[in-house]
Amino acid sequence: MKNFTAFRDFSEDKLGEKLDMGEDALTKNAKRIADYLANHKEPRNREEQLLNETWNVANKR
């Protein structure tokens, strides 16, 4: 979780500045990317499979 938080903070700070996006736009685009990956790419290992399953269950709620 610590690495994810660091990644999220980095994304918000650096990518948001370079792409001139606020937090809402970054969140929306991250969701679009995650949806695409979940629907079009096969997981390559157990960790990606778990992430894929978690993402799909969360989207159903």
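All figures in this text were calculated on a predicted structure; none of them were measured in a lab.

Novice: I'm lost on a nonpolar patch on the surface in this one. Help?
Specialist: A contiguous nonpolar surface patch, about 300 Å² in accessible area, is contributed by I33, Y36 and L37. Structurally, L37 is set in helix α2 (residues 23-40). By relative accessible area, L37 is classed as partly exposed at 43%.

Novice: Sorry if this is basic, but what is going on with the pattern of salt bridges here?
Specialist: Close approach of charged atoms allows side chains of opposite charge to pair. Tallied over the entire structure, the rule returns 2 salt bridges. When the shortest N-O distance is used, the salt bridge between K31 and D35 registers 2.8 Å. Of this pair, K31 and D35 both sit in helix α2, 4 residues apart, which is roughly one turn of that helix. The partner of R44 in a salt bridge is E48, and the shortest N-O contact between them spans 2.7 Å. By relative accessible area, which is 72% here, R44 ends up exposed. Judged by relative accessible area, E48 falls into the partly exposed class, the value being 24%.

Novice: Explain the confidence of the model for the protein here, please?
Specialist: It should be kept in mind that the predicted coordinates are not to be read in detail where pLDDT is low. Summary statistics for the protein give a mean pLDDT of 79 and a share of 79% for residues scoring 70 or more. Looking across the protein, the model is least confident in helix α1 (residues 2-19), with a mean pLDDT of 69, and most confident in helix α3 (residues 46-60), with 87.

Novice: I tried to follow the packing of α2 against α3 on my own but got confused; where do I start?
Specialist: At their nearest, the axes of α2 and α3 sit 10 Å apart, and the two run at 115° to each other. The handedness of the crossing between α2 and α3 comes out as left-handed. Where α2 abuts α3, its residues K31, A34, D35 and A38 lie against N52, W55, N56 and N59. Of the residues in the contact of α2 with α3, the class split is 3 nonpolar, 3 polar and 2 charged.

Novice: I tried to follow α3 on my own but got confused; where do I start?
Specialist: Given 3.6 residues per helical turn, the α-helix brings residues three or four places apart onto the same face. Helix length check: α3 (15 residues) gives 21 Å between terminal C-alpha atoms against 21 Å at 1.5 Å per residue, within 8%. N-capping of α3 is provided by N45, with a side-chain oxygen placed 3.1 Å from the backbone N of E47.

Novice: Mind showing me how you'd approach the side chain of N52 here?
Specialist: Along the chain, N52 turns up in helix α3. For N52, a relative accessible area of 14% puts it in the buried group. Apart from residues lying up to four places away in sequence, N52 is in contact with A38 and P43.

Reading the values: rules and limits
Residues numbered from 1 in each chain as written. Predicted model: local features only at pLDDT ≥ 70, side-chain atom pairs only at ≥ 80, totals over all residues. Heavy atoms only, no water. Patch = residues over 30% accessible without salt bridge, like charges linked within 9 Å, V, L, I, M, F, W, Y side chains within 5 Å. Areas by Shrake-Rupley, 256 points an atom, 1.4 Å probe, with all protein chains shown as cover. Salt bridge = Lys/Arg side-chain N within 4 Å of Asp/Glu carboxyl O. Helix = DSSP H or I, 4+ residues; strand = E, 2+ residues; numbered from the N terminus. Buried < 20%, exposed > 50% of the residue type's maximum accessible area, 1.4 Å probe, protein only. pLDDT = per-residue confidence, 0-100. Axes fitted to C-alpha atoms, helices over the stretch in contact; angles between N-to-C directions. Left-handed = near helix turned anticlockwise from the far one by under 90°. Contact = heavy atoms within 4.5 Å. Nonpolar A, V, L, I, M, F, W, Y, C, P; charged D, E, K, R; others polar. Expected span 1.5 Å × (residues − 1). Polar contact = N/O pair within 3.5 Å; in protein donor to acceptor, adjacent residues only side chain to side chain.

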